[in-house]
Amino acid sequence: MSRWIEKNLKWVFPAPAVIFIVVMMAFPILYTAWISLTEWSMSAVTPAKFIGLENYINLLGKDHRFWMSVWRTFYFTGLALVGETLIGLVLAVMLNRDFPGKNLLKTLFLLPMVATPVAIGMVWLLMFEPTIGYLNHFLKSLHLPQSLWLASEGSALASLVLVDIWQWTPMMALIILAGLVSMPSDPFEAAEVDGASAWQTFWHVTLPMLRPTIGMAVILRSIDALKTFDIIYSMTQGGPNYATETLNLYGYNLGFGYFQMGAASSLLMIFFAIVMGVVIFMNWARKGALS
Amino acid sequence: MNPRKKVHPALNVLYVVGLVLFFVAFMFPFAWMIISSFKTQSEILTMPPKWIFTPTFKNYVEVFEGQDFLMYMLNSFVIAVGATLAALVLGLPAAYAIARRRLPSLGFTILVARIVPGITFLIPWFMIFSRLKMVDTMPALILAHMLVTMPFVVWVMIPFFEGIPNDLIDAARVDGCTEQYAFLRVVLPISGPGIITGSIMAFVFSWNNFMFSMILSGVHTKTLPVAIFNFLSYSEVNWGGLMAASVIITLPVLVLALMTQKYIVRGLTAGAVKG
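Thresholds applied
- Residues numbered from 1 in each chain as written.
- Chains lettered and ligands numbered in written order.
- Predicted model: local features only at pLDDT ≥ 70, side-chain atom pairs only at ≥ 80, totals over all residues.
- Helix = DSSP H or I, 4+ residues; strand = E, 2+ residues; numbered from the N terminus.
- Rg over C-alpha atoms; globule rule 2.2 N^0.38 Å.
- Buried ≥ 20, exposed ≤ 12 C-beta atoms within 10 Å, placed from the backbone.
- Contact = placed C-beta atoms within 7 Å.
- Core = buried A, V, L, I, M, F, W, Y, C linked by C-beta atoms within 7 Å.
- Nonpolar A, V, L, I, M, F, W, Y, C, P; charged D, E, K, R; others polar.
- Axes fitted to C-alpha atoms, helices over the stretch in contact; angles between N-to-C directions.
- Parallel < 35°, antiparallel > 145°, perpendicular 65-115°, else oblique.
- pLDDT = per-residue confidence, 0-100.
- Left-handed = near helix turned anticlockwise from the far one by under 90°.
- Expected span 1.5 Å × (residues − 1).

Quick look at the overall build of chain A
Alright, step 1. Along the backbone of chain A there are 15 helices and two strands.
Alright, step 2. Taking 2.2 N^0.38 as the reference for a compact globule, 291 residues should give roughly 19 Å; the C-alpha atoms of chain A span a radius of gyration of 24 Å, well beyond that estimate.
Alright, step 3. Dimensions of chain A, computed from C-alpha atoms along their principal axes, come out at roughly 75 × 70 × 35 Å.
Alright, step 4. Taking all 291 residues of chain A together, the buried fraction comes to 41%.
Alright, step 5. Nonlocal contacts in chain A, meaning residues at least 24 apart in sequence, comprise 70% of its contacts between residues at least 6 apart.

This is the structure:
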């Protein structure tokens, strides 16, 4: 028996995980794909009615709310990634130097990303509050114009981006820092011999060598940013007036708010394709940049 | 690696100021959460804020008396531990096989699990669990949370198992033991750091999970993130209670993170940096 297991280790070891993947992932995705071709309100009495691609046609062709949510998803992800990469790079360079208390500081920077997003959302909700929130008070004390933050359609999504940047910039910084620390010292010595300024060294030596690390970090982060749910749902539920409704939120609202399971499923299939497409595109761009 | 150059003193000042600003910006929400949790509603509603006030524990008392918070904590804990242990049992052998027997397609499938939006699974799960009368039961929630924890454990462990020298396993096999025995007795004991990293992160992800719990939990299995969110539905927001509840839910994760920071850094940066 044990010899048989050893001979077939390749199959035996992953078997439980594979069964889990088939039952809990592969089958549900196929089921969602099937539901996306039907009209169904989750009722046990009226079964799902096959309507072909109608849900897709409705979403892609007629649904303004869908296209707005696509735009918001990319707006949110793009803005958050630019902010996180730039600030993360600055923070990483600053942390790549010895000073007393550095390890403690690095540890504290971990906290925003491990803290429970819903709880974090509640704290920011209080800070964003236009009249009693600390942020407006802070702006006022600096004689800067105040904002309505989440209460206004114009600023709500950008406010949520701010929370995402707060949460995830430290992760960017720590990944970039790990890349900085693992760099060989020869190119830096060569640059010094050549009399390069600190800025030249950073621009022509450090940054090119960091590119693979940053590229990978951006891909990982964008997968999660596109799917951001907890922060948005707990703070705005997609409002005010749909101003923060990203694809994930719209899918949730269609499915578990209006119980339009068919439409929700077709949206989720499109959403899945978009995330997959972004990952493939970014991976392709990263490889192109390396060669 | 870091060329030491003479730095202008003004730059040094700028550097320190910059670090302090970063520190304040990233720590402020935590400080605000803790401070507000000890204030009365009227103190919270006062702007400019009072920095000196008599702390009240009323909010914390209210949270535990008004809702069954102890039960929600226990639920969150049981589900997180269950989802982590199950992820290890399924994920460790799978990661070992992927790392040592070159199964790229399985590795890719597990990566896809990270990419698929979670709600895609929720509609079928909700239906199936409803039919099996499993909504609002621990097994349903643990299974759902495993979707997050299991791929993560595999993701962290593959490079670990790849790094184990072949000689070590071969030596054990020369001594006459099977590979699965070598896996249990040789490979797992030296993989401690990887297993700890994977477990801590899996626990944190499960503890923090909101979406799956919101749909699949009910009166008996409500977890902390769902309970906190329910606070909002009252007509006037009880900010003090909300902040106290937020402290209660984040404190365990924050303490865990502070105690195990070196593992967490490894877990969060896994896959992005080679080595």
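Looking at the overall build of chain B
Alright, step 1. The number of helices and strands found in chain B is 14 helices and zero strands.
Alright, step 2. In chain B, the order of α-helices and β-strands from amino to carboxyl end is α-α-α-α-α-α-α-α-α-α-α-α-α-α.
Alright, step 3. Against the 2.2 N^0.38 benchmark of 19 Å for 275 residues, chain B shows a C-alpha radius of gyration of 23 Å, more extended than a compact globule.
Alright, step 4. With respect to the three principal axes, the spread of C-alpha positions in chain B is 75 × 70 × 30 Å.

A closer look at the nonpolar core
Side chains of nonpolar character tend, in soluble globular proteins, to be buried together.
Alright, step 1. Core analysis: the biggest nonpolar cluster contains 159 residues, and A:Ile176, A:Leu267 and B:Ile228 have the highest contact counts within it.
Alright, step 2. Among residues more than four places away in sequence, those in contact with A:Leu267 are A:Leu59, A:Phe66, A:Leu247, A:Tyr250, A:Gly251 and A:Leu254.

Comments concerning the interface of chain B and chain A
Alright, step 1. Contact with chain B, which involves 77 residues of that partner, is made by 81 residues of chain A.
Alright, step 2. The element that contributes the greatest number of residues to the side of chain B that touches chain A is helix 1 (residues 9-37) of chain B, accounting for 12 residues.
Alright, step 3. Looking at side-chain class alone, the side of chain B that touches chain A contains 58 nonpolar, 15 polar and four charged residues.

Quick notes on the packing of helix 3 (residues 15-35) of chain A against helix 4 (residues 69-101) of chain B
To characterise two packed helices, one gives the angle between the axes of the helices and the distance between these axes.
Alright, step 1. Axis separation between helix 3 of chain A and helix 4 of chain B bottoms out at 7 Å; the angle between their running directions is 115°. Between helix 3 of chain A and helix 4 of chain B, the crossing angle belongs to the class labelled roughly perpendicular. Seen from helix 3 of chain A, the contacting residues are A:Pro16, A:Ala17 and A:Phe20; seen from helix 4 of chain B, they are B:Leu90, B:Gly91 and B:Ala94.
Alright, step 2. A per-class count over the contact of helix 3 of chain A with helix 4 of chain B returns five nonpolar, one polar and no charged.

Re the environment of B:Val237
All names here are of chain B.
Alright, step 1. Along the chain, the position of Val 237 falls in the loop between helix 12 (224-231) and helix 13 (239-259).
Alright, step 2. Judged by C-beta crowding, with 17 C-beta atoms within 10 Å, Val 237 ranks as partly exposed.
Alright, step 3. Each C-alpha atom, one on Val 237 and one on Val 116, is 35 Å from the other, the two residues being 121 residues apart in sequence.
Alright, step 4. With residues near it in sequence (within four places) discarded, Val 237 still touches Leu 232 and Leu 242.

Quick notes on the confidence of the model for chain B
Alright, step 1. Looking at chain B as a whole, the pLDDT averages 85, with 93% of positions reaching at least 70.
Alright, step 2. Mean pLDDT values over the elements of chain B span from 77, in helix 14 (residues 261-268) of chain B, up to 92, in helix 4 of chain B.

Considerations on the packing of helix 4 of chain B against helix 7 (residues 138-162) of chain B
Residue and element names in this part refer to chain B.
Alright, step 1. Relative to each other, helix 4 and helix 7 sit at 35°, their axes nearing to 6 Å. Here helix 4 and helix 7 pass one another in a crossing that is right-handed.
Alright, step 2. A breakdown of the residues in the contact of helix 4 with helix 7 according to their chemical character gives 23 nonpolar, five polar and two charged.

Digging into helix 7 of chain B
Alright, step 1. Helix length check: helix 7 of chain B, at 25 residues, gives a terminal C-alpha distance of 35 Å against a target of 36 Å (1.5 Å per residue), a fit within 8%.
Alright, step 2. Within helix 7 of chain B, 20 of the 25 residues are buried, which leaves the element mostly enclosed by the surrounding structure.

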